[in-house]
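Reading the structure
If you want the building blocks of each chain, they are given just below.
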Number of protein chains: 2
Amino acid sequence: MEKLFVFQGGGPTAVINATLSGVLDAAHPCFSNVFGLRHSLEHVATTPPINLTDLTAPSAADDRARLARTPGALLGSSRTKVTEAHLSAVLDVMQAEGARHILGIGGNGTMHALNQLAEFAASRSVDLNIVGAPKTVDNDLPGAAFAPGYGSAARFVALATRDFDFDFRAMQTFDDVTILETMGRDTGWLAAASVLLKEADADAPHIVLIPERPVDEAALLKRVSELHRDLGRVFIVTNEVLTAPDGTVLGQNVQDGPTDSLGRTMYSLSTGTGNYLAQLIWKQLGLQARCLRPGSLGRALTSCVSEVDFELALRAGRATTDLFDRPEDGAKMLTIAQDLHLGWQPTKEGIGRTPLPKAFFDQDDEFAIGLNFATMARSIIGEVSPLFHGIRTDS
Amino acid sequence: MEKLFVFQGGGPTAVINATLSGVLDAAHPCFSNVFGLRHSLEHVATTPPINLTDLTAPSAADDRARLARTPGALLGSSRTKVTEAHLSAVLDVMQAEGARHILGIGGNGTMHALNQLAEFAASRSVDLNIVGAPKTVDNDLPGAAFAPGYGSAARFVALATRDFDFDFRAMQTFDDVTILETMGRDTGWLAAASVLLKEADADAPHIVLIPERPVDEAALLKRVSELHRDLGRVFIVTNEVLTAPDGTVLGQNVQDGPTDSLGRTMYSLSTGTGNYLAQLIWKQLGLQARCLRPGSLGRALTSCVSEVDFELALRAGRATTDLFDRPEDGAKMLTIAQDLHLGWQPTKEGIGRTPLPKAFFDQDDEFAIGLNFATMARSIIGEVSPLFHGIRTDS
C-alpha cells in the first residue's frame, strides 16, 4: 500500500481545510498512511510530520466534516522561499517512510515549489508522484478561473460593501467618505468583488481602485468631490496596494512599516493605502473619510463562507488525488474552469499571476468595474438574503 | 385615532431596524398613522417626515420581516447635539399632524434628547407621550444589561477573534503579533467580548486592552515579549481608544485625524490605536505586528447577527409601544435585565455610561478579562458551530 504526504502553502483561506478534508476523504482506502508536513515545505528538517491516517477512516467522517468548516490551515503554512536544503529534507522524510506520493494545497508559490520538487527529485533520480490543489483568495492562479478560497473572501467583500453602505446612508449627515480596503497585493479580483451585490447606480461601491489601473490622485480627488456633491456620500473600495501613474506604489513614501527579507515594505503591516487615501481626502477636500481595514479577517470568518466556494474546495481536494493516476510525467495541478468544471495542467503552468482582465474594466470610467464582471462572478459568492429597499433614505 | 412619530438616533446597529420593525408591527391597530423623522431630531426643519403607515398593515408583514434583517437605520440617523430650535421644530411638525406620541430608538444621546423634548414640551404646555427603545453596540446604556445591538457586534468580535486565531496559528512562522481593534470610545464591553468563545489558555485573545484600565506601555511590551516567547504568537484585542496612566488618551500625540465641532480628535477617523500599538511593538521589540481594523463593519454585517440579539431587538420594539399606556408622568424608556426580562425607567436614568464593571476584570492580570464575564455574557451572542480542534498545530 502506498503512503501519502500532504501540505498546505501560502496564506490560509476560509476553505483550505475543506480541500484537506476532501483529500483525507479520498485517501481511504488507496493510501495506507497519510502524513502532514507542518508549515509547508520549509520546516521539514526541524518539525516532524504529523500522522493523519486516523482522520482518513470512514469512522472519522464527523471529524472531517468539522475540519472542513474550520478556518486557518490545520497543518500550518509558511511564506518563505523554498531552497534546495528544504527540498532535500522533504525527500529524506518521504524516503524514510517509503513514500512517493505528495500533494500540496496552495497558490502560485506552492505550484512553483511543487515544480522545484519535481525537478530536484528527477535530478536525484528519485521517483515522485506530485500533484497540487489550487487555493488562493486573490484568484490570480493561472488555470483556476475561480480558485477555492476566492469565493468566500469575495463574499466577505461583497457583504461588507452592501451591508455597510446601509449604515453609511443612515449616517451621511455625519460622514462623507467610507474607504474599504481589501486584500490583494498584486491583483484586483477581491476589490472588484465589491460590485457583486450592487443593485442600483447609487449603491456602493462608487469608486473601485485596483493595482492593474494606475491611480492619478488629482483625478481621484476630483471624482470624490463630484460624487460627494451628487450623492452626499462616497464609498470607495481599494486594494491594499495601488499603483501610481509612474509605476511606483501609491503613497509609498508615507507608508511606514516593516520590510521583508528582500527589503520590500510589507504593506499589510503598515498603516496602509486606505488610511493614506483617507488622510489625502481629508487634507485636500476637507471631507471626513473613514477607513475600514479588516485586513485578512475576510479569509478567516466562518460566518462569511460561500457555500459554492465550500463545495468547490471539498470537491477540489477529492479530485486532486485522482491526478495521481494520470499517466503523464511531471507534477500536475488541478484546474478549474469558469463553469467549475475540473481538469488538470502541469504545475509549471500555474506559476505567475493572472491580473483582472481588462475586459472587466469599465471602459468609460477609470474608477469603476464593468457590469460584465458581476455577470461572470456573481454565482461564486453563493446565495444572499434580500434586504429591504422599500424606502430609500438618500437625501 | 392617535398618530405616532418614530425616529432612530446615534450609530446604527445590525438590529436597530428589527426594533423599528417591532414598533411598526405593534403600531397597528392602535395608531391610525405612523410617521418617521429623518436623521433623528436634528433635521426636522429641513427634511419632511416619511409616512410609514403602509408598513404597519397586516399585509406588510413580509416587508417588516425583511426590514428587520436590513442593516443601517431605515430612517437615517445623526450625531449632532440637539438644540431648542430642533425641539421646537419637532413640536411644530407633530402639532401640524395632531400627534402627541413619539418613540425614539437609541442610546445615551437619544435618551437625553427625549428627556430634553419632554422638558421643552412641558415648558410650552404641550402634552406629549414620549418613550424610548434602547439601542447601542457599546452596551453602556444605564438600564440595559444587554442593549439590542450589542449581541451582534459582540458576536462579530468573538468570531473574528476565534476564527482569525486559527489563521494566525497557521502563519506563526511568519507573523508575530495580531492586533484586533474593536469599536468603543468610552467603555470596554466590545473588546471584552473577544473572550466569549475562548476555550483554552493558549487560545486568543492573549491580551485585552480596555479604556477602563489605563495601559502602561512598558508593562505591555514586557508582557508581549513574554507571551511571544512562550506561545510563538500574541493576539491582542484593543478598544479603539485607550487610556494612558496619566489619564490622557494613549498615543494621542501620534494620532493624526480630523477633529469634531468641539475640537476633539475623532479617533475612528485617524490611523488609530491598533496601528499605534503595532508600530510601537515593531519598533521596540522587532516583532511583526499586524493590525486588523474592521471599524464599524461589525455593527453592520448581516452575516454576524446574533439570533438572540435579533429577537431581543424585535421584542424591545413591540414592548416599547406598550409604555405609552403607563400612567406615570414623564418620558419613559424600556429596560432590559440580564435575564432579558423587560421593564421601564424614566429616560433621565438612561443618561450617562455604564463602564465594564471592575468585577469582570481579571484581578490577577491587568491585561485580561475575568472568566466570569464569559459566564455572564456568552448567551447574548447566540449559538456557534464548533470547530475542529483534534490536532493543535501550535509549535
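Here the structure is a predicted model, which means the values were calculated and not measured.

On a plain count of helices and strands, chain A comes out with ten helices and eleven strands. The C-alpha atoms of chain A give a radius of gyration of 22 Å, which matches the 21 Å a tight globule of 395 residues would have. Dimensions of chain A, computed from the C-alpha atoms along their principal axes, are close to 70 × 45 × 35 Å. Out of the 395 residues in chain A, the part that is buried amounts to 64%. Accessible surface, chain A as shown: approximately 14,200 Å² in total, 49% of it carbon and sulfur. Of the charged side chains in chain A, 34 are positive and 47 negative, and the gap between their average positions amounts to 1 Å.

Time to look at the packing of aromatic side chains. Residues and elements named next belong to chain B. Summed over the entire model, instances satisfying the criterion amount to twelve aromatic pairs over all chains. With centroids separated by 6.3 Å and ring planes inclined at 85 degrees, the aromatic side chains of Tyr150 and Trp189 adopt a geometry described as edge-to-face. Of the two residues, Tyr150 sits in helix H5 (residues 150-170) while Trp189 sits in helix H6 (residues 189-192), which places them 39 residues apart along the sequence. Judged by relative accessible area, which is 0%, Tyr150 ranks as buried. Aromatic side chains Phe168 and Phe235 sit 6.2 Å apart centroid to centroid with 65 degrees between the ring planes, which places their arrangement in the edge-to-face category. Here Phe168 is found in helix H5, whereas its partner Phe235 is found in strand E8 (residues 234-239), with 67 residues between them in sequence. As far as burial versus exposure is concerned, Phe168 and Phe235 are alike and both buried.

Two orientations exist for strands paired in a sheet by backbone hydrogen bonds: parallel and antiparallel. Residues and elements named next belong to chain A. On the basis of which strands lie adjacent, the open sheet formed by four strands has the order E7-E8-E6-E9 and parallel pairing. Looking at the sheet topology across the chains shown, the edges are occupied by strand E7 (207-209) and strand E9 (289-292). Across the sheet, the mean angle separating the axes of adjacent strands is 20 degrees when strand polarity is ignored. Packed onto the sheet, helix H8 (residues 272-285) meets strand E6 (177-182), E7, strand E8 (234-239) and E9 and runs at close to 160 degrees relative to E6.

Listed by partner, the interface residues are 73 residues for chain B and 74 residues for chain A. In total, chain B and chain A occlude about 6,100 Å² of area from one another, counting both sides; carbon and sulfur atoms represent 64% of this. Here chain B and chain A share two salt bridges between them. There are 15 residue pairs in polar contact (both at pLDDT 80 or more) connecting chain B and chain A. Elements represented by at least two residues in the side of chain B that touches chain A include exactly helix H2 (61-68), H5, helix H8 (272-285) and strand E9 (289-292) of chain B. Per-element tally for the side of chain B that touches chain A: the top contributor is H5(B), with ten residues. Its residues placed into classes, the side of chain B that touches chain A shows 33 nonpolar, 25 polar and 15 charged.

This next bit is on H8(B). If you check H8(B), its first and last C-alpha atoms are 20 Å apart, about what 14 residues at 1.5 Å a residue would give, namely 20 Å. Every buried residue of H8(B) is listed here: B:Gly272, B:Thr273, B:Gly274, B:Asn275, B:Tyr276, B:Leu277, B:Ala278, B:Gln279, B:Leu280 and B:Ile281. In this fold, the buried residues of H8(B) make contact with H8 of chain A together with strand E6 (177-182), strand E7 (207-209), helix H7 (217-231), E8 and E9 of chain B. Once H8(B) ends, the next one or two residues include B:Gly286, with phi positive near 70 degrees.

Put simply, B:His28 and B:Pro29 share a cis peptide bond, and its omega is 5 degrees. In this fold, B:Pro29 is placed in the loop between helix H1 (16-27) and strand E2 (31-36). Positioned with a positive phi, A:His39 is a non-glycine residue whose angle comes to about 55 degrees. Residues other than glycine seldom take positive phi values, yet A:Asn139 does so here, at roughly 60 degrees. Structurally, A:Asn139 can be placed in the loop between strand E5 (129-134) and helix H5 (150-170).

Counting residues in each nonpolar core, the largest one holds 90 residues, and the members touching the most others are A:Tyr150, A:Leu356, A:Phe373, B:Tyr150, B:Leu356 and B:Phe373. Listing elements by their share of this core, those giving two or more residues are H5, helix H6 (189-192), E8 and helix H10 (371-377) of chain A together with H5, H6, E8 and helix H10 (371-377) of chain B. Ignoring any residue separated from it by four or fewer positions in sequence, one finds A:Phe373 in contact with A:Tyr150, A:Trp189, A:Ala192, A:Ala193, A:Val195, A:Leu196, A:Leu356, A:Phe360 and A:Arg378.

Cut-offs applied
Residues numbered from 1 in each chain as written. Chains lettered and ligands numbered in written order. Predicted model: local features only at pLDDT ≥ 70, side-chain atom pairs only at ≥ 80, totals over all residues. Heavy atoms only, no water. Helix = DSSP H or I, 4+ residues; strand = E, 2+ residues; numbered from the N terminus. Rg over C-alpha atoms; globule rule 2.2 N^0.38 Å. Buried < 20%, exposed > 50% of the residue type's maximum accessible area, 1.4 Å probe, protein only. Areas by Shrake-Rupley, 256 points an atom, 1.4 Å probe, with all protein chains shown as cover. Lys, Arg positive; Asp, Glu negative; His and termini not counted. Charge placed at Lys NZ, Arg CZ, Asp CG, Glu CD. Phe/Tyr/Trp six-rings, centres within 6.5 Å; stacked < 30°, edge-to-face > 60°. Pairing = 2+ DSSP bridges. Axes fitted to C-alpha atoms, helices over the stretch in contact; angles between N-to-C directions. Contact = heavy atoms within 4.5 Å. Buried area = accessible area lost by both parts, 1.4 Å probe. Salt bridge = Lys/Arg side-chain N within 4 Å of Asp/Glu carboxyl O. Polar contact = N/O pair within 3.5 Å; in protein donor to acceptor, adjacent residues only side chain to side chain. Nonpolar A, V, L, I, M, F, W, Y, C, P; charged D, E, K, R; others polar. Expected span 1.5 Å × (residues − 1). Core = buried A, V, L, I, M, F, W, Y, C linked by side-chain atoms within 4.5 Å.

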